[in-house]
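Descriptive structure summary
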Amino acid sequence: MAGRINDDDVKVVRDAVPIDTVVSEYLQLRPAGGGNMKGLCPFHDEKSPSFQVSPSKGLFHCFGCQEGGDTIAFVMKIDHLSFSETVERLAAKAGITLRYEEGGYNPTHQRGERIRLVEAHKAAADFYVEQLGGEEAAIGRKFLAERGFDQSAAEHFGVGYSPAGWDHLTRFLRGKGFSDKELLLAGLSQDGRRGPIDRFRGRLMWPIRDISGEVVGFGARKLRDDDNGPKYLNTPDTAIYKKSQVLYGVDLAKKDIAKASRAVVVEGYTDVMACHLAGITTAIATCGTAFGTDHIKILRRLLMDNGSARVIFTFDGDAAGQKAALRAFEDDQKFAAETYIAIAPDGMDPCELRLNKGDAAVQDLVEPRTPLFEFAIRQIVSRYDLETPAGRASALDEAGPIVARIKNGASQHEVAVQLAGILGILDTQFVVKRVAQMARWARDRGGRGPAGPASSSSSSPSSASSSYDSGQSPALSGPALNLRSPAHRTERELLKLALQRPELVSPAFDAYGVDEFTAPPYAAVRRAVEDAGGAEQGMASAPEYLAGVREAAPNDAVRALVTELAVEVFHGKTIDESYAGEQLVRVRLRAVDLRIHDVTSTLARLGTGADHERHQAVQNELWVLQQYRQSLRNSGAAAL
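Below or above, wherever it landed, is the structure these notes cover. (Residues numbered from 1 in each chain as written. Predicted model: local features only at pLDDT ≥ 70, side-chain atom pairs only at ≥ 80, totals over all residues. Heavy atoms only, no water.)

1. Side note on the packing of helix α21 (residues 486–500) against helix α23 (residues 520–531)
Geometrically, a packed helix pair is captured by the angle between its two axes and the distance between the axes. It is the contact of α21 with α23, at a shortest axis distance of 11 Å, that shows an interaxial angle of 20°. Taken together, the axes of α21 and α23 are roughly parallel relative to one another. Between α21 and α23 lies a crossing of left-handed hand. Across the interface between the two elements, H488, E491, R492, L495 and L499 of α21 pack against Y522, V525, R526 and V529 of α23. Of the residues belonging to the contact of α21 with α23, the class tally is five nonpolar, one polar and three charged. (Axes fitted to C-alpha atoms, helices over the stretch in contact; angles between N-to-C directions. Helix = DSSP H or I, 4+ residues; strand = E, 2+ residues; numbered from the N terminus. Parallel < 35°, antiparallel > 145°, perpendicular 65-115°, else oblique. Left-handed = near helix turned anticlockwise from the far one by under 90°. Contact = heavy atoms within 4.5 Å. Nonpolar A, V, L, I, M, F, W, Y, C, P; charged D, E, K, R; others polar.)

2. Notes on the sheet that holds strand β5 (residues 68–70)
The strands that make up a sheet are held in pairs by hydrogen bonds between backbone atoms, and each pair lies either parallel or antiparallel. Across the sheet, five strands lie side by side as β1-β2-β3-β4-β5; this open sheet has antiparallel pairing. With partners counted over all chains shown, the strands left at the sheet margins are β1 (30–33) and β5, one partner each. Neighbour-to-neighbour, the strand axes of this sheet turn through a mean angle of 25°, independent of strand direction. Where strand β2 (residues 36–39) and strand β3 (residues 51–54) come together, three bridges link them in antiparallel fashion. (Pairing = 2+ DSSP bridges.)

3. Quick word on the nonpolar core
Looking at soluble globular proteins, one finds that nonpolar side chains tend to be buried together. With 61 residues, the main nonpolar core has L144, W206 and F218 as its most contacted residues. Top element by residues in this core is helix α5 (residues 107–131). It accounts for eight residues. Core analysis: the second largest hydrophobic core is formed by 35 residues, V514, A523, A524 and V549 among them. (Core = buried A, V, L, I, M, F, W, Y, C linked by side-chain atoms within 4.5 Å. Buried < 20%, exposed > 50% of the residue type's maximum accessible area, 1.4 Å probe, protein only.)

4. A closer look at the pairing of β2
Bridge count for β1 against β2 is three bridges, and the pairing is antiparallel. Opposite R30, over in β2, you have K38 as the bridge partner. The hairpin formed by β1 and β2 contains two residues between the paired strands, and G34 there has a positive phi angle of roughly 65°.

Spelled out as structure tokens, the structure:
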């Protein structure tokens, strides 16, 4: 686990790497007015740009999907990295040396260890690529050529060759300054009788990269008959490589997966190559293990949990492939995406299909045809004798729960009807009701029942607003506000000024109470500004001030609203002291009017029989408030 990075260094990194420069690596930006930039959001599908970047404030915000934050938040989300990994990457880009807090363990050593392992893998990958051109590697080049891969394909995927000797790579990396301990920890070498020897010898080598593009392991294909090892040999689990948490080709496919809301899961390295070369650039594969929960997490982040997204599994048509498909279905409900299965004719895998029938055949293969749940149902039903009532009943008992787990209620009903047809049960409504009963049983047992339309109903505005106070995430995508309300519009504009142009509203703004903001979300933002030291802090350094406000926010909902307000364009044409004064006065007038209303009500309740001193005190307060209101109306900001 990485050490805690020094807070001052995090601020230096945040300020040193311009957010527009980083974002521009992933999407095209164009001027949006007010010094802001805009583009199509990389986190959701949209036709018109609602994604805004504020270079002066170091923030981004999408008004479509409500994603937002600073440079660090953007890189964390788009490249799916941890906070520490993101700061380290940005620091390396900016040439900044980070300091780590003391305590618990030696963070410099541990961080250095990870970096050294990554560097060792990069050096090994370069070594293997160079070896592929040698005389000994002719068998490897032949293997690739026989599968339709030329030199440029090998270079694109970084395919290499490990020499057949005992310690060629070990000696090479020693010469690069790596210790034997580092090579063993990296999984590149293993213990021999006389010291470390190469783990991979005489094999074709595929570098396995994490989602950020760093080489963290290798997949090695057996080439010779005298090699007694397995057909494929992978890097063992290390500090930087966990086979259940990596997908081969994800570094090449991630942008297209996110853009197309589609992923194609194949079984091997050559299948990924074949798909990409055939134009299916969303293909990925597991690395010597079954497709599991951690792989789903990676894909869900890339697919943005988009309900219209599609995941297509390609498996061999043999028994093992069918078993893999059913195993994949076990986790089907963990996807928001629709899942499909594609089995090539004659049981060919994508690599064989491309070699025999060309790129078009591969493209046709991965066009979604059979939903994974339908495949699973048919596999189950095929084990029963549907000619007998008992066989049909038993098949329904096993296949029914599969249908009951389908996310969408309408789809569940439709598939239940299909199941009745597959089983040959004429009473379709009996099957539909039986499936619905199974779904209820699953929910009653505490399982997650089918997520029909009723389960995704929107919360009321009051419940969404309460999330800003309770620390919970809001039920809705944005704050429950009535922007048709003049009061809410003015409060929003004033908060935007306090975050974007604090010099125009300080120090008056810092004297405003949280209760002067009538919308709970805006009151929460006002509190965050206060907890961060007030708007006056923003006159020194805008990025640091905004980072402080975001850190002071009590939960993600408020933090997202701070980001949104920090990049939103002002409504006024000219943003100056006069405009800021108008907003200050309007918010204060609204607060004074509300207080006058409360005091007047109190006075009416007291009546003539109340204690004279109490009655007089309330009456005096009312008089003072009325005079202050008149002064605000006559003198404007000068009366604040």
